[in-house]
Amino acid sequence: MHKNSEVLLKIRNAQTYFPVQKGLLKRTVGHVRAVDKVSLNVYWGETLGLVGESGCGKTTLGKSILQLVPVTGGEFIYNFDGEEKDLRKLSKEEMMQARKRLQIVFQDPYSSLNPSFTIFGSLQDPLKKFGVKSKEERKRIIGDLLEAVNLHRDYMYRYPHEFSGGQRQRIGIARALSLQPELVICDEAVSALDVSIQAQVLNLLLELKEKHQLTYIFISHDLSVVEYMSDRIAVMYLGKIVELAQAEDLFANALHPYTQALLSAIPVAEVGRKRKRIVLEGNVPSPVNPPPGCAFHPRCPYAMEVCKSRVPELKTYVLDGKEHQVACHLAADKVGAPAKSRQAEVDSNATN
Amino acid sequence: MDRLKMLEKEGLLKSRQGSRAVGKFLQNKLAVLGLMVFAVILLASVFAPLITKYDPAMIDLRSRLSPPSWQHLFGTDKLGRDVFARVLYGGRISILVGFGGALGAALVGVSLGTYAGYKGGWLDRILLRVSEIFMAFPQIILVLLLVSILGQSLWNLLVIFTITGWGSVYRMTRSQMLSIREEEYVQALKAFGLSDALIAYKHMLPNALGPIMVNLTLSTAMFILEETALSFLGLGVPLHIPTWGNILNAAQDLTILQEAWWIWVPVGIVISAFVLSINFIGDGLRDAVDPTQQG
């Protein structure tokens, strides 16, 4: 039905800044740049992994796509069955309809279900709003959803506290699927679960993706999980995308020093295997007042003069015939000149 | 497991939420005791004419200040009125004032606080300042103002309690909502594009109700006591209407305090028992409506 090369969501220069207010009059003295000029494409039917350490803006980017947080700037161009529209410019009515297509699975299975309602009570209002008028019909749909996530359909009459963490997370997934969305953002969807339950939930997500032709944006700080799930992986640092490539390319040839450090930190289950751990010095700089030039330069083992003054752009390189985007001044030295600038690609997309 | 399944099947036949909360409430012994005391006092007040043959306003100067006897269970006061009848009839007004005031304040405070706490922004900031002004305003002056404009009446008292009481309920509801709105299920509802009112009042408010319920009961007790104070000053319920506050006022007279204990001790006990029973009920309700607490 849709080709994999078709773009579902184009994000251009997305900015989400949170004001920092001080004093009696709540004067704005600065901004937390949670998401700072992020541009990327999400293709139909793919799973885009989004990794980075805590506080780098992964979750905020996810919520910005759903317009759950006030977005400061940029475009979120969504492909509505061939018709491209900016989510930020939709009317209230259009946005309401768009919400059917975009859903989210949350991180914390304990706060993501309303403790005062049964599962049926929690899940029925969205269905009611989108036109399922009869109660019997809603019961049937919710029962089917629960069965789709391998739970008994009678569980809809139970309260959230009667479930385990893994079961709750599956209910969270069922809820996200209730309106048959196209794009599902999994925000640390398995981080709070035991490893054995993680595997169950991950496989469930893959299965549902196959069945319902979903597109995932899979946000996680766990690289092994992201590798297992994703077709492409974007690495974020301090509100910016620093590297984006096919999953296997990223793991084989990480170009950005930050990605290299992240990858070297993945534990390997192999006796006697020696690996070079790259240990990063210092802490993540404050997103209120990011360092000039490349945000990573204070911690980068290869930092040069140019890194301190010029912000590196996300440029596309071609490695072994595959596209690999990275924002690093040093990348060109390793793999040669960029194939085309990121800007050129954006422009060509805009004119298409 | 089979038992659970069976219960669930049975649960399908009746309202599960209701039966669950009631069951949990009934398991709380103090709450049940409170409910019993509360019910006895409330019913005795409501059906006062069936319990006592005396008219609370009937003056009988031949039997002034007579101690308790079979004829007058709680004795009589300075004017020879039957104290038992006055306590029963007085309960009607006192309970009405206490509950009316608390309900009025809660209705205004909760409905404003729920929405403003969820939405935040300028609406919340303005209401927060307004509530501070009302809470800082001396109640007595407000009472004097209203009494001099509208005259002394029961309704004035209710209006005043609502005006002065909604602020604290508002602030409490608001702070509850502030923490609840960060919960992920609220974000999920937002992601479905449900309306603000539906999210705030239907999905979030039930989780904020526990502390509000306790506050409601505590303020009922507080308003009953406030009615006493205002009645004493001649600003509350007009003196010819018996209320618990008006009866207690007789104890301001030193000779009555020392020699006619039956005028103030029984009504004092009734007030204490009633206030205490409301508090027990409040605690029981709080636990019963909170599904995360196991009965």
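Reading the values: the criteria
- The residue numbering used here restarts from 1 in each chain and proceeds along that chain's sequence as written.
- Just so you know, chain letters begin at A and ligand numbers begin at 1, following the order they were written in.
- In keeping with the model being predicted, local features are shown solely for residues with a pLDDT of at least 70 and side-chain atom pairs are shown and tallied solely at 80 or more, while totals for entire chains, interfaces and linings include all residues.
- For side-chain calculations, the full set of non-hydrogen atoms in the structure is used, while hydrogens and water are omitted.
- Numbering of helices and strands starts at the N terminus; helices are DSSP runs of H or I of at least 4 residues and strands are runs of E of at least 2.
- Relative accessibility under 20% of the residue-type maximum defines a buried residue, over 50% an exposed one, and the middle range a partly exposed one, all with a 1.4 Å probe and only protein chains included.
- Should any heavy atoms of two residues lie within 4.5 Å, those residues are counted as being in contact.
- All accessibility values rest on the Shrake-Rupley procedure with a 1.4 Å probe; residue burial counts only the protein chains present in the view.
- When charges are counted, Lys and Arg are positive and Asp and Glu negative, with His and the chain ends excluded.
- Charge positions come from single atoms, namely NZ of Lys, CZ of Arg, CG of Asp or CD of Glu.
- One fewer than the residue count of a helix, multiplied by 1.5 Å, yields its expected span.
- Here the bend at a residue is taken as the angle between two axes, fitted respectively to the seven residues that end there and the seven that start there.
- Any two strands with at least two DSSP bridges between them are considered paired.
- All axes here are fitted lines through C-alpha atoms, helices being fitted over the stretch that makes contact, and every angle between N-to-C directions spans 0 to 180 degrees.
- A domain assignment, automatic or from a database, supplies the domain bounds used here.
- Defined in terms of a 1.4 Å probe, buried area is the accessible area two parts forfeit on being brought together, summed over both.
- When a carboxyl oxygen of Asp or Glu is within 4 Å of a side-chain nitrogen of Lys or Arg, the pair counts as a salt bridge.
- Polar contacts here mean pairs of N or O atoms no more than 3.5 Å apart (in protein, one a potential hydrogen donor and the other a potential acceptor; neighbouring residues in sequence count only if both atoms are side-chain atoms).
- Predictor confidence is given residue by residue as pLDDT, running from a minimum of 0 to a maximum of 100.
- Here, nonpolar core means buried Ala, Val, Leu, Ile, Met, Phe, Trp, Tyr and Cys residues that are tied together by side-chain atoms lying within 4.5 Å of each other.
- Here is how to tell: hold the view so the strands point away, follow the path from the first strand over the helix to the second, and if it runs clockwise the crossover is right-handed.
- By convention, a stacked pair of Phe, Tyr or Trp rings (six-membered ring in the case of Trp) has centres within 6.5 Å and planes under 30 degrees apart, an edge-to-face pair has planes over 60 apart, and any other such pair is tilted.
- Throughout this entry, Asp, Glu, Lys and Arg are counted as charged residues, while Ala, Val, Leu, Ile, Met, Phe, Trp, Tyr, Cys and Pro are counted as nonpolar. The remaining residues, Gly among them, count as polar.

### Focus on the overall build of chain B
Argument step 1. Per the secondary structure count, chain B includes 13 helices and zero strands.
Argument step 2. The helix and strand sequence of chain B, counted from the amino end, reads α-α-α-α-α-α-α-α-α-α-α-α-α.
Argument step 3. Based on the C-alpha atoms only, the size of chain B along its principal axes is roughly 75 × 55 × 25 Å.
Argument step 4. Across the 295 residues in chain B, those meeting the buried criterion constitute 46%.
Argument step 5. In chain B, the proportion of contacts linking residues at least 24 apart, taken out of those at least 6 apart, comes to 71%.
Argument step 6. When the accessible area of chain B is evaluated, it comes to approximately 14800 Å², of which 69% is carbon and sulfur surface.
Argument step 7. Separation between the mean location of the 24 positive side-chain charges and that of the 20 negative ones in chain B comes to 4 Å.

### Remarks on helix H5 (residues 83–119) of chain B
Residue and element names in this part refer to chain B.
Argument step 1. Its 37 residues give H5 an end-to-end C-alpha distance of 52 Å, which sits within 8% of 54 Å, the value for a rise of 1.5 Å per residue.
Argument step 2. The axis of H5 is deflected most strongly, by about 30 degrees, at Gly-91.
Argument step 3. H5 sits mainly inside the fold: 26 of its 37 residues count as buried.
Argument step 4. Positive backbone phi, approximately 65 degrees, marks Gly-120, located one or two places after H5.

### Quick word on the sheet that holds strand S11 (residues 315–319) of chain A
All names here are of chain A.
Argument step 1. Pairing within the open sheet is mixed, and its eight strands lie in the order S6-S7-S8-S3-S9-S10-S12-S11. Strands with a single pairing partner mark the edges of an open sheet, and in this sheet they are strand S6 (102–105) and S11. Sheet twist, expressed as the mean angle between neighbouring strand axes with direction ignored, is 20 degrees.
Argument step 2. For S11 and strand S12 (residues 322–326), the ladder comprises five bridges, and the chain directions are antiparallel. Along S12, the bridge assignment pairs Val-318 with Glu-323.
Argument step 3. Most of the contacts of helix H5 (residues 165–177) go to S6, to which it runs at about 175 degrees, and overall it touches S6 and strand S7 (183–187).
Argument step 4. Sitting on the sheet, helix H9 (residues 257–264) is in contact with strand S9 (232–237) and strand S10 (240–246), with an inclination near 105 degrees to S9.

### Focus: the domain arrangement of chain A
Residue and element names in this part refer to chain A.
Argument step 1. Assigned domains within chain A: domain 1 (7–101 + 181–351) and domain 2 (115–180).
Argument step 2. Averaged C-alpha coordinates put domain 1 and domain 2 at centres separated by 31 Å.
Argument step 3. Contact residues are listed per partner, giving 17 residues for domain 1 and 14 residues for domain 2.
Argument step 4. Three residues stand out in domain 1 for area buried against domain 2, namely Lys-100, Pro-181 and Leu-204, and they jointly supply 38% of the buried area on that side.
Argument step 5. Across the contact surface, domain 1 and domain 2 share zero salt bridges.
Argument step 6. Linking domain 1 to domain 2 there are one residue pair in polar contact (both at pLDDT 80 or more).
Argument step 7. Broken down by element, the residue count for the side of domain 1 that touches domain 2 peaks at seven residues, all from helix H6 (residues 195–212).

### Here's the deal with the confidence of the model for chain A
Atomic detail in the predicted coordinates should be set aside for any region of low pLDDT.
Argument step 1. Residue-level pLDDT values for chain A average 86, and 94% of them are 70 or greater.
Argument step 2. A low-confidence stretch, residues 341–352 of chain A stays under pLDDT 50, and its non-local contacts, those more than four residues away or across chains, total 14 contacts.

### Observations regarding the side chain of Thr-173 of chain B
Argument step 1. In this structure, Thr-173 of chain B sits in helix H8 (residues 154–180).
Argument step 2. Not counting the four nearest positions on each side in its chain, Thr-173 of chain B is found in contact with Gly-109, Val-110, Gly-113, Thr-114 and Ile-212 of chain B.

### Let's talk about the nonpolar core
One broad rule of soluble globular proteins: the nonpolar side chains tend to lie buried together.
Argument step 1. Leu-146, Ile-173, Leu-205, Leu-208 and Phe-218 of chain A are the most contacted members of the largest nonpolar core, which totals 79 residues.
Argument step 2. The greatest single-element share of this core, amounting to six residues, is contributed by helix H10 (residues 196–232) of chain B.
Argument step 3. Discounting chain neighbours no more than four positions away, the residues touching Phe-218 of chain A are Thr-47, Leu-48, Gly-49, Leu-50, Cys-186, Leu-202, Leu-205, Val-225, Val-226 and Met-229 of chain A.
Argument step 4. Counting 39 residues, the second-largest nonpolar core is a separate cluster that includes Leu-61, Ile-241 and Ala-327 of chain A together with Ala-191 of chain B.

### Concerning the pairing of S7 of chain A
All names here are of chain A.
Argument step 1. S7 sits mainly inside the fold: five of its five residues count as buried.
Argument step 2. Neither face of S7 is exposed, since Leu-183, Ile-185 and Asp-187 on one face and Val-184 and Cys-186 on the opposite face are all buried.
Argument step 3. Bridging between S7 and strand S8 (residues 215–219) involves five bridges; their strand directions are parallel. Note that in S8 the partner of Ile-185 across the bridge is Ile-217.
Argument step 4. A crossover links S7 with its parallel partner S8, the connecting element being H6, and its sense is right-handed.

### Notes on the packing of aromatic side chains
All names here are of chain B.
Argument step 1. What the rule picks out here adds up to 13 aromatic pairs over all chains.
Argument step 2. Taken together, a centroid distance of 5.8 Å and an interplanar angle of 65 degrees make the contact between Trp-166 and Tyr-170 edge-to-face. Of the two residues, Trp-166 and Tyr-170 both sit in helix H8, four residues apart, roughly one turn of that helix. Neither Trp-166 nor Tyr-170 differs from the other in exposure class; each is buried.
Argument step 3. A connected cluster of aromatic rings, assembled from ring pairs, spans Phe-38, Phe-99, Trp-244 and Phe-274.

### Some words on the interface of chain A and chain B
Argument step 1. Every contact between the two is made by 35 residues of chain A and, on the other side, 26 residues of chain B.
Argument step 2. Of the roughly 2900 Å² buried between chain A and chain B on both sides combined, carbon and sulfur atoms contribute 54%.
Argument step 3. The largest per-residue losses of area from chain A upon contact with chain B belong to Asp-125, Tyr-159 and His-161 of chain A, which jointly make up 18% of the total buried on that side.
Argument step 4. At the boundary of chain A with chain B, the tally comes to one salt bridge.
Argument step 5. Of the charged contacts, one joins Asp-125 of chain A and Lys-202 of chain B as a salt bridge, the two residues approaching to 3.0 Å between their closest N and O atoms.
Argument step 6. Seen at the junction of chain A and chain B, the total is 10 residue pairs in polar contact (both at pLDDT 80 or more).
Argument step 7. Contributions of two or more residues to the side of chain A that touches chain B are made by S6 and helix H3 (119–129) of chain A.
Argument step 8. Classifying every residue of the side of chain A that touches chain B by side-chain character gives 13 nonpolar, 12 polar and 10 charged.

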